[in-house]
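For reference, the chains in residue letters:
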Amino acid sequence: MYQSPVSSLTTMHLYHRRVFVRADLNVPLHGTHLLDDYRLQKILPTINAIQKQQGRIILATHLGRPRPGDTEPSTKHLIPWFERQGYHILFESDLSRAAERSRDITTSSTILLLENLRFFTGEQNGDTTFAQQLRACADIYVNDAFGVLHRHDTSVTLLAQLFKPHERTIGLLVEQELAALNRLLSNPPQPFMLILGGGKIADKIPLIEHMLKRINTLFLCPAPVFTFLKALGKPVGRSLVDEQQLEQCLTILRKAQEYNVTVIMPRDYLVAHHTYTGTLTYVNAEQFPHEEVGISIGDQTVDHIAPHIQHAGTIFYNGAMGMLERPDTLHGMKQILELMTQTKALTVLGGGSSAAVAQHYNLVDDFDHVSTGGGAMLAYLSGSKLPG
């Protein structure tokens with residue numbers, strides 16, 4: 001049995017104290033335009049709980065993967081969203097002034113938002129001086145950044161250690177995330193179905209290996225399925241394949257047979273001609289053209305998988321099929337998500353891109369849990385410890 005940690009946020013003394021909230025507000029931006037706000041919405045219960053106790057919030061996050069010297073993506077682009085929700089935001093780009101400004105917050109209704117932590121070299125190189133600089137901003141530390149709990153970023157690990165045990169806690173989102181994932185690891189309703197899409201197969205291999213003894217059915221979708229197919233000598237055209245994982249895929253298929261796990265692969269595919277931006281068409285799995293790139297699944301596959309979904313007791317789906325910026329590639333994923341929402345099974349959807357598609361189709365509320373973190377979720381369900 002997995003023991004889920006509980007946040008101390010609602011029992012801590014926060015009145016008029018400065019509370020450093022490390023969040024994961026790494027949302028997709030197109031220039032300065034916000035494409036999806038799911039991670040922003042999920043941090044609000046923690047913010048509201050602190051403000052209810054009249055704590056003074058210093059809000060910090062990373063955003064994207066900026067290169068040295070980049071001024072974009074800046075967290076200042078998040079300010080309009082928070083203001084539309086009724087929050088008063090102060091913004092500070094210079095961390096040398098952040099501690100002083102944190103003491104100027106005179107009301108719990110005001111939030112001091114710091115600049116993108118990854119603009120500063122100290123965030124990702126274990127810089128104790130950087131950690132001390134952030135420590136000076138607050139009296140209490142709250143880690144609600146589930147999406148980076150598997151990282152060793154300074155604000156996630158070293159900073160927390162500078163606070164005494166009674167001065168630090170996880171936030172309400174992290175509590176919720178771990179409780180939901182522990183349901184998948186601790187006697188989930190049977191039969192258990194694992195559906196995998198997304199990109200890099202290397203990120204999925206540890207998850208599959210750790211979950212094989214727990215699941216009954218493994219449904220492999222684009223793009224992970226193509227490395228398995230290549231390992232079996234099947235045609236995959238120009239689809240994404242990890243040549244380093246071919247032998248491991250064969251090993252997984254052998255183990256699945258040993259554990260009586262049913263492995264299902266698509267019967268047809270949505271493909272793009274030559275590149276991901278090419279003309280779209282549907283093809284039969286056994287007649288995969290040489291010049292096509294696999295994007296998603298077709299109706300034959302949806303019809304084949306529907307009974308398995310309907311009879312499952314637990315369904316965990318990780319990894320998007322198709323591209324949000326190209327909605328005409330999302331039809332197959334939309335059908336799978338809708339089938340999941342129509343079952344009585346325990347349904348968990350994981351990964352930022354998966355959550356974004358579910359939100360795009362207004363399906364988020366129909367799942368038992370939709371995770372905000374892809375990498376952290378995969379690491380946790382793969383049996384790895386989370387440094388955060």
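Everything in this summary refers to the structure shown in the same document.

Definitions and limits used
Residues numbered from 1 in each chain as written. Predicted model: local features only at pLDDT ≥ 70, side-chain atom pairs only at ≥ 80, totals over all residues. Heavy atoms only, no water. Buried < 20%, exposed > 50% of the residue type's maximum accessible area, 1.4 Å probe, protein only. Helix = DSSP H or I, 4+ residues; strand = E, 2+ residues; numbered from the N terminus. Pairing = 2+ DSSP bridges. Core = buried A, V, L, I, M, F, W, Y, C linked by side-chain atoms within 4.5 Å. Salt bridge = Lys/Arg side-chain N within 4 Å of Asp/Glu carboxyl O. Axes fitted to C-alpha atoms, helices over the stretch in contact; angles between N-to-C directions.

Notes on the pairing of strand E12 (residues 268-273)
The two faces of a sheet get side chains in turn, since along a regular strand they alternate between them.
Now for step 1: Judged by how many residues are buried, E12 sits mostly within the fold: five of six residues are covered.
Now for step 2: When E12 meets strand E13 (residues 280-284), the two strands line up antiparallel, connected through five bridges. Across the sheet, residue Val-271 finds its bridge partner in E13, namely Thr-281.
Now for step 3: Counting the residues in the hairpin turn of E12 and E13 gives six residues, including His-274, whose phi is positive at 75°.
Now for step 4: As paired elements, E12 and strand E14 (residues 292-297) share five bridges and run antiparallel to each other.

Concerning unusual backbone geometry
Now for step 1: A cis amide bond links Gln-190 with the next residue in sequence, Pro-191, at an omega value of -5°.
Now for step 2: In this fold, Pro-191 is placed in the loop between helix H6 (172-185) and strand E9 (192-196).
Now for step 3: In this chain, Pro-222 is followed by Ala-223 through a cis amide linkage whose omega measures 0°.
Now for step 4: Its place among the elements puts Ala-223 in the loop between strand E10 (217-220) and helix H8 (224-231).
Now for step 5: Phi is positive for Gln-54, close to 65°, though the residue is something other than glycine.

Section: the nonpolar core
Now for step 1: In terms of nonpolar packing, the biggest core is built from 49 residues, with Phe-228, Tyr-269 and Phe-316 touching the most fellow members.
Now for step 2: For this core, the element with the highest residue contribution is helix H13 (residues 375-381), accounting for six residues.
Now for step 3: Grouped together as the second largest cluster of nonpolar side chains are 31 residues, Met-193, Val-302, Ala-306 and Ile-315 included.

Comments concerning the pattern of salt bridges
Now for step 1: Going through the model one piece at a time under the given rule, you end up with 13 salt bridges.
Now for step 2: Notably, a salt bridge pairs Glu-92 with Arg-97, separated by 3.0 Å at the nearest N-O pair.
Now for step 3: According to the relative accessible area criterion, Glu-92 is buried, its value standing at 2%.
Now for step 4: Residue classification places Arg-97 among the partly exposed positions, given a relative accessible area of 40%.
Now for step 5: With a closest N to O distance of 3.0 Å, Arg-238 and Glu-291 form a salt bridge. A residue pair is termed long-range when its members are at least 10 positions apart, and Arg-238 in the loop between H8 and helix H9 (246-258) and Glu-291 in the loop between E13 and E14 qualify at 53 residues.
Now for step 6: Look at Glu-291 and you get partly exposed, because its relative accessible area is 34%.
Now for step 7: Three or more residues are tied together by salt bridges with common partners; here these are Glu-92, Asp-94, Arg-97 and Arg-101.

Considering the sheet that holds strand E5 (residues 88-92)
Hydrogen bonds between backbone atoms are what pair the strands of a sheet, whose relative direction is either parallel or antiparallel.
Now for step 1: Reading across the sheet, the six strands line up as E5-E6-E4-E1-E7-E8 and stay open at both edges, with parallel pairing between neighbours. Every other strand in the sheet has two partners, leaving E5 and strand E8 (168-170) as the edge strands with one partner each. Averaged over neighbouring strand pairs, the angle between their axes works out to 25° when direction is ignored.
Now for step 2: As defined by bridge partners, strand E1 (residues 18-23) adjoins strand E4 (residues 56-60) across five bridges and the pair is classed as parallel. Across the sheet, the residue bridging to Phe-20 is Ile-58, located in E4.

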